[in-house]
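# Remarks on the overall topology
Read off the chains here:
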Amino acid sequence: LQGFGRPSVYHAAIVIFLEFFAWGLLTTPMLTVLHETFPQHTFLMNGLIQGVKKIKIASNYKSDLRFCFLLQGLLSFLSAPLIGALSDAWGRKPFLLGTVFFTCFPIPLMRISPWWYFAMISVSGVFSVTFSVIFAYVADVTQEHKRSTAYGWVSATFAASLVSSPAIGAYLSANYGDSLVVLVATVVALLDICFILLAVPESLPEKMRPFSWGAQISWKQADPFASLKKVGKDSTVLLICITVFLSYLPEAGQYSSFFLYLRQVIGFGSVKIAAFIAMVGILSIVAQTVFLTILMRSLGNKNTVLLGLGFQMFQLAWYGFGSQAWMMWAAGTVAAMSSITFPAVSALVSRNAESDQQGVAQGIITGIRGLCNGLGPALYGFIFYMFHVELTELEPELNSNSAALQILSSPTQLL
């Protein structure tokens, strides 16, 4: 199917909004299912899903679950360059359809079989790389000097979906039950799939891809390890990859334990956490749309990345050393400004990649972030272990606020 109109950033933004809106609705049902499946370890299992590995679970399935969720990050790391390379050869639309379908496939299983739900979430790590294909799609339809702004709008759309959906999901859950929330999320996911199938046009020009799916493609072109070797030969892209790894590793660990920190150390209640989520989300949208455009024009791409990394370093240190509630609010403002880093880095990578390698270039960045989603929380879990921090000290609270902040951290952290 050809889709409607010419390919545009709006198509990409709608795909991202619907996908993550569906998952954001499930914030409350997720915790409910955890509570029903692990009644004595609800919060601990929520932490495990976020990647915290230092926990004590009186269950025979402990090792299997740890492996399951760690596997997700590894699969994303390996599959993102592969899917990106294939999209460079066969087009973006088929892989947008595939990544969204398989990423959202576990949603209805939440009420059917919790164990199958958790298992499918880990396996879906292979396909939870929608952003790499989306950013390649955006690169196909925008000029180079407008690309960072387009990436900012797509990232802001993601943030907007996760600011609104947890609250809506919590309201529906409180008034109509979790089953309705899962049903609505499933319908939204199906709507996203139908939108891609019927309305999204292919963005990769036909002259840059084989004429049919019957055309042969060499394993060398699609091999993710070959893609990584190719990166090693490009010093600029290699430095960008190292930057992404070193910046996102601590951030992924931070967001896996941040709710615990606010509740247990700072003393935030549910209302304050909800307000904090809303504030950071709204300011992130402003930062990635208004400020990113201004900074890219005035400072340039590289300096904008450096500024974003500076904001990130500042907010990490502020959260770590801050001891008062007002410090957390101020650090949240800085954290929102640091959200300009991801779209700015993606634009920088796109500028250094050939037009027929946009998918693999964005896939490598997405893969590194997926790897950090597993390693970062594991690092923080080890720190918990070293300082004898037991997560059982905090009672679980089954509402949308408890996980929404963790979900808001990044595109790959959600899944």
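Structure report, in brief. Fair warning: this is a prediction, and the values are worked out from it, not measured in the lab.

For the rest of this paragraph, the subject is the overall build of the protein. A count of helical and extended segments in the protein gives 19 helices and zero strands. Per-residue burial over the protein gives 57% buried out of 415 residues. In the protein, of all internal contacts separated by at least 6 residues, the share reaching a separation of at least 24 is 84%. Carbon and sulfur atoms form 67% of the exposed surface of the protein, whose accessible area is close to 17,600 Å².

This part is about the environment of Met 313. Mapped onto the elements of the fold, Met 313 is located in helix H15 (residues 301–321). Between the C-alpha atom of Met 313 and that of Glu 251, which follows or precedes it by 62 residues, the distance is 9.5 Å.

Quick look at the packing of helix H5 (residues 93–104) against helix H8 (residues 130–141) now. Contact geometry for H5 and H8: axes closest at 9 Å, N-to-C directions at 155 degrees. On the basis of their axis angle, the class for H5 and H8 is roughly antiparallel. Regarding H5 and H8, the two cross each other, and that crossing is left-handed. Contact residues: Phe 95, Leu 96, Thr 99, Val 100 and Thr 103 in H5; Thr 130, Val 133, Ile 134 and Tyr 137 in H8. The residue inventory of the contact of H5 with H8, partitioned by class, reads six nonpolar, three polar and no charged.

Let's shift gears to the packing of aromatic side chains. Under the defined criterion, the tally for this structure stands at 12 aromatic pairs. Judged by centre distance (6.2 Å) and plane angle (40 degrees), the ring pair of Phe 101 and Phe 105 falls under tilted. Residue Phe 101 is classed as partly exposed on the basis of its relative accessible area of 36%. The class for Phe 105 is partly exposed, based on a relative accessible area of 39%.

Quick look at the pattern of salt bridges now. Oppositely charged side chains can pair when the atoms bearing their charge come close. Taken as a whole, this structure holds two salt bridges when the rule is applied. A salt bridge links Asp 140 to Arg 92; its shortest N-O distance comes to 2.7 Å. Here Asp 140, found in helix H8, pairs with Arg 92, found in the loop between helix H4 (62–90) and H5; they are 48 residues apart in sequence, far enough to count as distant. The class of Arg 92 is buried, set by a relative accessible area of 0%. With a closest N to O distance of 3.6 Å, Glu 144 and Arg 351 form a salt bridge. Of this pair, Glu 144 sits in the loop between H8 and helix H9 (147–176) while Arg 351 sits in helix H17 (residues 341–351), and the two are 207 residues apart along the sequence. A relative accessible area of 45% places Glu 144 in the partly exposed class.

Counting residues in each nonpolar core, the largest one holds 53 residues, and the members touching the most others are Leu 26, Ile 107, Tyr 117, Phe 131, Ile 134 and Val 154. In terms of residue count, helix H1 (residues 9–25) provides more of this core than any other element does, nine residues in total. Beyond its immediate stretch of four places on either side in the chain, Val 154 contacts Val 9, Ala 12, Ile 16, Phe 131, Ile 134, Phe 135 and Val 138. By size, the runner-up hydrophobic cluster in this structure holds 29 residues, among which are Ala 85, Val 237, Ile 240 and Val 349.

Thresholds applied
Starting afresh in each chain, residues are numbered from 1 along the sequence in its written order. In view of the model being predicted, local features appear only for residues whose pLDDT reaches at least 70, and side-chain atom pairs are presented and counted only at 80 or more, with totals across whole chains, interfaces and linings using the full set of residues. The basis for the side-chain values is all heavy atoms of the structure; hydrogens and waters are excluded. What counts as a helix is a DSSP run of H or I of at least four residues, what counts as a strand is a run of E of at least two, and both are numbered from the N terminus. Exposure is judged per residue with a 1.4 Å probe applied to protein chains only, and the accessible area is read against the type maximum: over 50% gives exposed, under 20% gives buried, and values in between give partly exposed. Residue contacts are defined here by distance: any two heavy atoms, one from each residue, within 4.5 Å place the two residues in contact. For every accessible area listed, the method is Shrake-Rupley and the probe measures 1.4 Å; residues are considered covered only by the protein chains on display. Axes here refer to lines fitted to C-alpha atoms; in helices the fit is confined to the stretch in contact. Angles between the N-to-C directions go from 0 to 180 degrees. Oblique is the label for every angle not falling under 35 degrees (roughly parallel), over 145 degrees (roughly antiparallel), or within 65 to 115 degrees (roughly perpendicular). The sense of a crossing depends on the near helix, which, turned anticlockwise from the far helix by less than a right angle, makes the crossing left-handed and, turned clockwise, makes it right-handed. All amino acids are sorted into three groups, where Ala, Val, Leu, Ile, Met, Phe, Trp, Tyr, Cys and Pro are nonpolar, Asp, Glu, Lys and Arg are charged, and the leftover types, Gly among them, are polar. Stacked, tilted and edge-to-face are the three classes assigned to paired rings of Phe, Tyr and Trp, where Trp is represented by its six-membered ring and a pair needs centres within 6.5 Å; plane angles under 30 degrees give stacked, over 60 edge-to-face, the rest tilted. The term salt bridge refers to a pairing of a side-chain nitrogen on Lys or Arg with a carboxyl oxygen on Asp or Glu at a separation within 4 Å. In this text, buried Ala, Val, Leu, Ile, Met, Phe, Trp, Tyr and Cys residues form a nonpolar core when linked through side-chain atoms within 4.5 Å.

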